[in-house]
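Overview (structure and organization)
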Amino acid sequence: MPEIDLRPGFFMFAIVLAALDRSGSVLPILYAMGVHELAHVVMMLACGGRVLRLTLRFADLRIDAAGLGYRQELLAALAGPLVNLACGALFCMRSPAFAAYSLMLGIYNLLPVWPLDGGRAVRCALAQHLPLARAEAVSRRSSFAVCAALLLAGIILTFFRRAGLWPLGTAAYLTLRLLTLAKRTGE
């Protein structure tokens, strides 16, 4: 049985969702997130890995696992977003809110930005063919390039196409998250 670590941010996330839930969207969001993370865990176990710890934070779950090679880690990273995309297609008529949140979560997590699942998949794919240090360096640079492109697209959509603040907000969040993780790991 894995260790479960509940951080204060997880409770803050639950409170924010509940406070903002005037349309009844909290449960579909939580279902989409739960299916996503369950797919990761199932694939890890199917690939022979072990789940050591689950850390729940603000809008995030970190899964610490052992016993996975790069190929198995790549499959586990892709399992969550691919299951979300499948749920988005399969449940579009029966549960449109769940389908919409699943699609958004799947697409968002497939962005090739570390630490998102797409970025993890890129790092694992590179590590199969390059030394790990080189694979991580290429992955890091490509993540920053994608964030820069997203920031530019966010600025254009927000200020010139009047799409609202969400494109710029999403790009800024991803970039700040990437910078925070890079600083934390000393890169």
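Worth saying up front: this structure is predicted, and the values here are computed from it rather than measured.

1. Description of the overall build of the protein
Of the regular secondary structure elements, the protein holds seven helices and three strands. Ordered by position from the N terminus, the helices and strands of the protein form the series β-α-α-β-β-α-α-α-α-α. Whereas a compact globule of 187 residues would reach a radius of gyration of roughly 16 Å, the protein reaches 17 Å, a difference of no more than 12%. Oriented by its inertia axes, the alpha-carbon framework of the protein measures out at about 45 × 40 × 35 Å. With 187 residues in all, the protein has 35% of them scored as buried. Looking at the protein as shown, the accessible area adds up to about 11,100 Å², and 69% of this sits on carbon and sulfur atoms. Here the protein holds 18 positive side-chain charges and 10 negative ones, and the gap between their average locations is 7 Å.

2. Things to note about the packing of helix α1 (residues 8–20) against helix α2 (residues 26–46)
Here α1 crosses α2 at 140 degrees, and the two axes come no closer than 9 Å. Classified by the angle between their axes, α1 and α2 sit oblique to one another. Judged by residue contacts, Phe13, Leu17 and Ala18 of α1 engage Val26, Ile29, Leu30 and Met33 from α2.

3. Things to note about the pattern of salt bridges
For the structure shown, the criterion picks out six salt bridges. Taking the shortest distance from any N to any O, the salt bridge between Asp64 and Arg62 comes out at 2.8 Å. By relative accessible area, which is 43% here, Arg62 ends up partly exposed. When the shortest N-O distance is used, the salt bridge between Arg123 and Glu73 registers 3.0 Å. With Arg123 in helix α5 (residues 117–127) and Glu73 in helix α3 (residues 70–90), the pair connects residues that are 50 residues apart, well separated along the chain. Glu73 shares its class with Arg123; the two are buried. Residues participating in the shared-partner salt-bridge network are Glu73, Arg120, Arg123 and Glu136.

Each value, and the rule that gives it
Residues numbered from 1 in each chain as written. Predicted model: local features only at pLDDT ≥ 70, side-chain atom pairs only at ≥ 80, totals over all residues. Heavy atoms only, no water. Helix = DSSP H or I, 4+ residues; strand = E, 2+ residues; numbered from the N terminus. Rg over C-alpha atoms; globule rule 2.2 N^0.38 Å. Buried < 20%, exposed > 50% of the residue type's maximum accessible area, 1.4 Å probe, protein only. Areas by Shrake-Rupley, 256 points an atom, 1.4 Å probe, with all protein chains shown as cover. Lys, Arg positive; Asp, Glu negative; His and termini not counted. Charge placed at Lys NZ, Arg CZ, Asp CG, Glu CD. Axes fitted to C-alpha atoms, helices over the stretch in contact; angles between N-to-C directions. Parallel < 35°, antiparallel > 145°, perpendicular 65-115°, else oblique. Contact = heavy atoms within 4.5 Å. Salt bridge = Lys/Arg side-chain N within 4 Å of Asp/Glu carboxyl O.

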